[in-house]
Amino acid sequence: MSTGTGADSAPAPTSTHESKTGGTFSSLKIRNYRLFATGAVISNTGTWMSRITQDWLVLSLTGSAAAVGITTALQFLPMLLFGLYGGVIADRVPKRQLLLVSQAALGACGVVLAALTLSGVVEVWHVYLIAFLLGMVTVVDNPARQAFVSEMVGPAQLRNAVSLNSANFQSARLIGPAVAGVLITTVGSGWAFMFNGLSFAAPIIGLLMMRPAELHKAVIVPRAKGQLREGLRYVSGRPELIWPIVLVGFVGTFGFNFPIWLTAFADEIFHGGAGMYSFFNILMAAGSLAGALLAARRRSSRLRMLVVAATAFGLLEIVAALAPAVWIFALLLVPIGMIGLTTNISANTSVQMASDPAMRGRVMSLYMMVFVGGTPVGAPIVGWISDAYGARTGMVFGGALSMLAALVIGAILVRVGGLRLKVGLHQGRPQVRVVPRERLATVA
């Protein structure tokens with residue numbers, strides 16, 4: 001499969017199988033993926049409960065937005081340091097077996113944090129340590145989970161399944177913050193952490209119930225020297241891979257720091273407390289869910305869509321940061337969630353479809369390393385700016401860098417893809433389009 005040309009990729013070819021199994025929820029017709037999705041929505045709900053509770057707990061213990069940023073940074077620092085090695089492991093080891101181990105480890109971390117909180121001895125360094133341990137597990141869990149999707153559904157349903165994964169995650173994001181807000185204000189933070197830890201039993205059961213014979217044949221790469229360098233060379237030589245990865249790196253590092261901004265806006269700007277923070281997350285999740293469902297209906301992955309979405313995402317963040325009233329800020333969170341999710345899905349599916357199966361684990365580990373692993377760099381910077389100059393300034397900074405990166409990389413893709421403007425008439429109306437002069441050299 002190919003992403004097509006330059007900044008305006010041609011649609012991926014539609015197979016006979018794909019045309020027969022189209023639709024927003026077509027991947028759910030596959031039993032193994034249905035089990036995977038069912039387990040994921042339960043564990044994702046627990047994860048979102050834990051994230052909201054963790055951010056609020058750190059803010060309560062320290063009173064600092066920068067401390068929330070440090071917690072987020074520690075959780076994603078292992079991806080920055082070891083993410084590429086996680087991809088090598090994911091390519092070498094059967095992914096279903098690897099996920100069984102990683103999901104059990106994530107559940108254990110949740111139970112330990114719950115025990116510390118419920119016993120009343122939790123300190124901020126406990127939260128920091130467990131956030132780091134969660135990040136270490138995610139180093140192998142993330143690329144394995146991303147690459148395992150293609151084994152469950154095959155190439156014809158890959159885009160749909162990736163979009164539904166995001167819809168699944170965002171559906172849980174609607175439920176998790178609401179439940180977390182209730183638990184924090186009634187029985188305390190510990191029970192939210194406990195639910196998260198126990199929720200990982202669901203994906204483990206789903207993985208055990210799968211029928212291995214119905215999985216698409218996996219490409220297991222034998223252990224050999226130089227596989228990490230081989231993966232980096234593979235990505236660096238393909239513009240349709242490297243530039244989307246660079247773009248999501250900037251957006252992930254500076255634009256996706258919502259735990260910092262939303263806690264600060266809820267607490268310092270609008271003085272609303274934990275309930276308002278949960279409400280902000282629910283609004284963003286509603287927008288993200290809509291974006292994921294719309295993406296599931298699309299059959300093609302266009303790099304033009306990625307560039308436009310990232311530009312709009314950065315611009316909306318700037319506008320929201322300057323919102324004079326809470327209701328304006330809250331309403332803007334819906335399109336921010338929708339367009340942010342569109343940016344993520346467009347990049348994810350473009351990169352997966354353009355990757356060779358034998359390289360997919362390493363490619364996706366690089367993708368996740370720059371998208372998620374940039375947080376240890378961006379979160380402390382954005383947290384410091386938010387503490388020193390105000391949450392509004394911090395959010396403007398993140399949005400401006402995201403928008404600038406999108407515009408610059410869009411111009412690079414136009415140049416690399418040999419694109420030009422075409423002015424003409426379409427159905428009697430003037431039309432301006434970007435069209436390719438020639439295909440990218442690396443695309444067949």
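Computed from a prediction, not measured in an experiment: that's the story for all the values here. (Residues numbered from 1 in each chain as written. Predicted model: local features only at pLDDT ≥ 70, side-chain atom pairs only at ≥ 80, totals over all residues. Heavy atoms only, no water.)

**A look at the overall build of the protein chain**
Part 1 of the reasoning: Along the backbone of the protein chain there are 17 helices and two strands.
Part 2 of the reasoning: By residue count, 57% of the 444 residues in the protein chain fall in the buried class.
Part 3 of the reasoning: On the protein chain, roughly 17900 Å² of surface is accessible, and the fraction owed to carbon and sulfur atoms is 68%. (Helix = DSSP H or I, 4+ residues; strand = E, 2+ residues; numbered from the N terminus. Buried < 20%, exposed > 50% of the residue type's maximum accessible area, 1.4 Å probe, protein only. Areas by Shrake-Rupley, 256 points an atom, 1.4 Å probe, with all protein chains shown as cover.)

**Side note on helix α8 (residues 201–209)**
Part 1 of the reasoning: Listed as buried for α8 are Ala-202, Pro-203, Gly-206 and Leu-207. One side of α8 carries all its buried residues, which in axial view fall inside an arc of 135 degrees.
Part 2 of the reasoning: Tucked inside the fold, the buried residues of α8 contact α2 (31–62), α4 (95–118), α5 (124–153) and α7 (189–199). (Arc of directions from axis to C-beta. Contact = heavy atoms within 4.5 Å.)

**A few points about the packing of α5 against helix α15 (residues 360–371)**
Part 1 of the reasoning: Contact pair α5 / α15: the axes reach a minimum separation of 9 Å and the direction vectors enclose 130 degrees. Relative to α15, α5 is oriented oblique. Relative to α15, the crossing made by α5 is right-handed. Here α5 contributes Asn-142, Pro-143, Gln-146, Ala-147 and Ser-150 to the contact with α15, which in turn contributes Arg-360, Gly-361, Met-364, Ser-365 and Met-368. (Axes fitted to C-alpha atoms, helices over the stretch in contact; angles between N-to-C directions. Parallel < 35°, antiparallel > 145°, perpendicular 65-115°, else oblique. Left-handed = near helix turned anticlockwise from the far one by under 90°.)

**Comments concerning unusual backbone geometry**
Part 1 of the reasoning: A positive phi is found at His-271, a non-glycine position, where the angle reads about 55 degrees.
Part 2 of the reasoning: Here His-271 falls in the exposed class, since its relative accessible area comes to 63%.

**Some points on the side chain of Asn-142**
Part 1 of the reasoning: Relative to the helices and strands, Asn-142 is located in helix α5.
Part 2 of the reasoning: Discounting chain neighbours no more than four positions away, the residues touching Asn-142 are Met-79 and Met-368.

**Side note on a nonpolar patch on the surface**
Part 1 of the reasoning: A cluster of nonpolar side chains, contributed by Leu-80, Leu-81, Phe-82, Tyr-85, Met-136, Val-377 and Ile-381, occupies part of the molecular surface with about 590 Å² of accessible area.
Part 2 of the reasoning: Of all elements in the fold, only α3 (65–92) and α16 (375–389) reach the threshold of two or more residues within the nonpolar patch.
Part 3 of the reasoning: With four residues, the single largest contributor to the nonpolar patch is α3.
Part 4 of the reasoning: Tracing the sequence through the fold places Phe-82 in helix α3. (Patch = residues over 30% accessible without salt bridge, like charges linked within 9 Å, V, L, I, M, F, W, Y side chains within 5 Å. Salt bridge = Lys/Arg side-chain N within 4 Å of Asp/Glu carboxyl O.)

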